[in-house]
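Coordinate inspection notes
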Amino acid sequence: MAAAMNSAATSSDHFVNQPGQDESGAFTRLEQLEQAKSNYNREKQRFDLSPATTQLLGTFDIFCLVMNRTIGSGIFTVPPKVLSGTGSIGASLLLWLAGGVIILCAVLCWLELGLTIPMVTLYENGVRRKVSAPRSGGPKNYLEYIYKKPAFLMTSVFGIMFIILGNLAGNAVAFGIYFMIALGKDPVNSSTNDYEKGPVIGLAITLLTVCCLLHVFSRRGGILVNNIFAITKVGILLVITILGFVHAAKKYLRSSGINEPPPVPQTNASAIVANITSTMINNATTLNFDKMTSFKSTGDFGSYVESFLFAIYPFTGFEQPFFVLSEVARPKTIFPKAAIASMLTTIVLYMLVNVSYFCVVPKESYTETSQSTIDMAGAFFHDIFDSTYGPRAGMRAMAALIAFSISGNILVLTFTAARVKQEIAKEGILPKSLFFATGYTTPWARFRNRSRNKPIADAEAVFDLDAHLEKTPIAAFALHWFSSIFLIVVTSMLRPATAYSFLVTLYSYVNVAVVGSLLGGGLLYLKIDSWLYKGRGRNWYSKVQWTPYLDPVPVIVYSSTMTFLVFAAFAKPGGTSPFSEKVTGYAWFLVPAIGISSLLWGVVWWFGFELAQWKGRRTFQVLRTPYLEDRDHDGNYVQRAELIEHEILY
């Protein structure tokens, strides 16, 4: 453990910091932490404890967080959109591969930022030096560091945007859709019972509620369930891959009894299209991968942009462990390997699954007419195991598996996104910020403590970093639940399939493209500044704790691609595109317009925040003092606890 800084608790000026600034002090000795605890003022302070050593996330937990979040609805529902948008098997596979490579570049950039920011000042033997201490919050911390001034502006911009849009309301709607398909209903193409809108919305809200309650009840229980989901979903993708390749061998799993038209939306009900037959299915491998036709494309520029954004979306699970980085054991040692390994595994699995799909499903199922179907995995199982006039057991079974996959996807984001919202609250920009910033003992921990005949008050009074009862940000979970339900209610007037498409596209555009453009461009700026001005500028290269392979190629690829997508999304798709208004049910410019405007929500909030201070002739001050440990005595510090103080100065 590092030596103490001088008189850590003697002057609060040592601890003053603004969001994104290099923080000026940290506790490095337990006595300092105990002294701060003895002076604790609940009116304006909170202690936030990192999980005890036995509760920290290990390599396997990190891998499963990424896999469970990444394998959600995307790999099952996005392939039809990419294929119909490009009209080409070859082009769609290239977009999937490009999406994986770009997100791998994103992982490398996030690792560089996450293992360096924030920088904290320590005093060791009277010598002042800055060290890196990874913290939960992910992009919030990185954006605050890059865009430092004016104070609280970037905190407000990202914070308000993430509080409203940082959830998987769209995936919850997809869960309701697939649950109904598994029950034999058709909420996508059949207008019966208003496309089953009521049951779909009810199921979506139920799933979101259950996921929040599970994490509120037990932190470790939620992680264990997440790991089970992750392994099961990897198994599902491997099964799909094997089935497709077995079918491609033309000996087993041959289709029979299929003779039906591809799904045609009611907006294009007059279209005349050829039937999909078992003969086409049994020859799909040969026809889909014909070198003379597989790269012939019918997509326009706008459709390619939308397809590319959709191809990137299924890979966007890598952020999850960055959201909870202070809960990771030895982040600088195990975290990079786990994050990169999980992303490489995802790329390989997704490419294999897409090839497997095309070994079974004729491309005409999605290229003969503009249509808004949201499923290829169901068609895959239907083409192999069902007949046109049978009970469609294969399709319904796959729908149940997709619903299962989506529920795990929402479970993990609920766990991580609530932590980010807790970190946003710590910066004091919300009403009653300390309420949302507080971690509370879980009911399960209280129950176990009682069963061991230990008084709750005594157990919580002891400030034991390695034996305290597990805590969870209950108020932040409530905030996350409310914002998720809000988006479902706002889009409830749309058909469920349309609501899903709109919410997923909006999530991808804002949380992937817009945030990615700001992060990638900001990191590139830090590097250029360091090259040009050396120690006279931001001096990034003297601070950075982890440098990616082939630096600076990853940041150039990441920033340029995300910036391109931000602006290219305004390109209008052609009239026959699956992304045209007559198919999607909403104007093509709506998503990018709302996405760009989401940055302004925080600007308006910040102006209100500053105006309130000016009118009241007061200044709002945030003090965040971490307690750091160098567990392995190798200079790699980890945050064990943090004192948050919000004070109004007149």
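Quick note: structure is the one above.
Because the structure is predicted, anything quoted here is derived from the model rather than measured.

1. A few points about the pairing of strand E9 (residues 638-649)
For E9, a buried count of nine out of twelve residues is recorded, marking the element as mostly surrounded by other parts of the structure. As defined by bridge partners, strand E1 (residues 45-49) adjoins E9 across five bridges and the pair is classed as antiparallel. Note that in E9 the partner of Arg-46 across the bridge is Ile-644. Strand direction decides the pairing type here: strand E8 (residues 619-629) and E9, joined by eleven bridges, are antiparallel. Paired with Thr-625 across the two strands is Leu-643, which belongs to E9.

2. Some thoughts on the environment of Leu-523
Along the chain, Leu-523 turns up in helix H22 (residues 496-533). Spatially, the C-alpha atoms of Leu-523 and Trp-110 are 9.4 Å apart, while their sequence positions differ by 413 residues. Dropping the residues within four chain positions of it, Leu-523 is found in contact with Cys-109, Glu-112, Leu-113, Ile-146, Trp-540 and Val-555.

3. Brief notes about the state of the cysteines
Where two cysteines share a covalent bond between their sulfur atoms, that bond is called a disulfide. Per the counting criterion, the structure on display carries zero disulfides. Sulfur of Cys-105: no disulfide; nearest cysteine sulfur belongs to Cys-109 and is 6.8 Å away. Owing to a relative accessible area of 10%, Cys-105 belongs among the buried residues under this scheme.

4. Describing unusual backbone geometry
Geometrically, the link from Ile-117 to Pro-118 is a cis peptide bond, its omega value of 0° lying close to zero. Among the secondary structure elements, Pro-118 is positioned in the loop between helix H4 (89-114) and strand E2 (119-124). Cis rather than trans, the peptide bond between Asp-551 and Pro-552 has omega equal to 10°. Its location among the elements puts Pro-552 in the loop between helix H23 (540-543) and helix H24 (553-568). In this model, Leu-253 sits at a positive phi of 55°, which is unusual for a non-glycine residue. Tracing the sequence through the fold places Leu-253 in the loop between helix H9 (219-248) and strand E4 (259-260). Using a relative accessible area of 26% as the deciding quantity, one classes Leu-253 as partly exposed.

5. Description of the pattern of salt bridges
According to the stated counting rule, one finds 17 salt bridges in the structure shown. Notably, a salt bridge pairs Lys-527 with Glu-112, separated by 2.7 Å at the nearest N-O pair. Of the two residues, Lys-527 sits in helix H22 while Glu-112 sits in helix H4, which places them 415 residues apart along the sequence. Residue classification places Lys-527 among the buried positions, given a relative accessible area of 0%. A salt bridge links Glu-327 to Arg-419; the shortest N-O distance between them is 3.2 Å. On the criterion of sequence distance, the pair formed by Glu-327 in the loop between helix H13 (320-323) and helix H14 (331-360) and Arg-419 in helix H17 (residues 393-426) is long-range, its members being 92 residues apart. When sorted by exposure, Glu-327 lands in the same class as Arg-419, which is buried. A single salt-bridge network, built from bridges that share partners, covers Asp-48, Arg-135, Lys-140, Glu-144, Glu-423, Lys-426, Glu-427, Arg-624 and Glu-642.

Calculation rules
- Residues numbered from 1 in each chain as written.
- Predicted model: local features only at pLDDT ≥ 70, side-chain atom pairs only at ≥ 80, totals over all residues.
- Heavy atoms only, no water.
- Buried < 20%, exposed > 50% of the residue type's maximum accessible area, 1.4 Å probe, protein only.
- Helix = DSSP H or I, 4+ residues; strand = E, 2+ residues; numbered from the N terminus.
- Pairing = 2+ DSSP bridges.
- Contact = heavy atoms within 4.5 Å.
- Disulfide = S-S within 2.5 Å.
- Salt bridge = Lys/Arg side-chain N within 4 Å of Asp/Glu carboxyl O.

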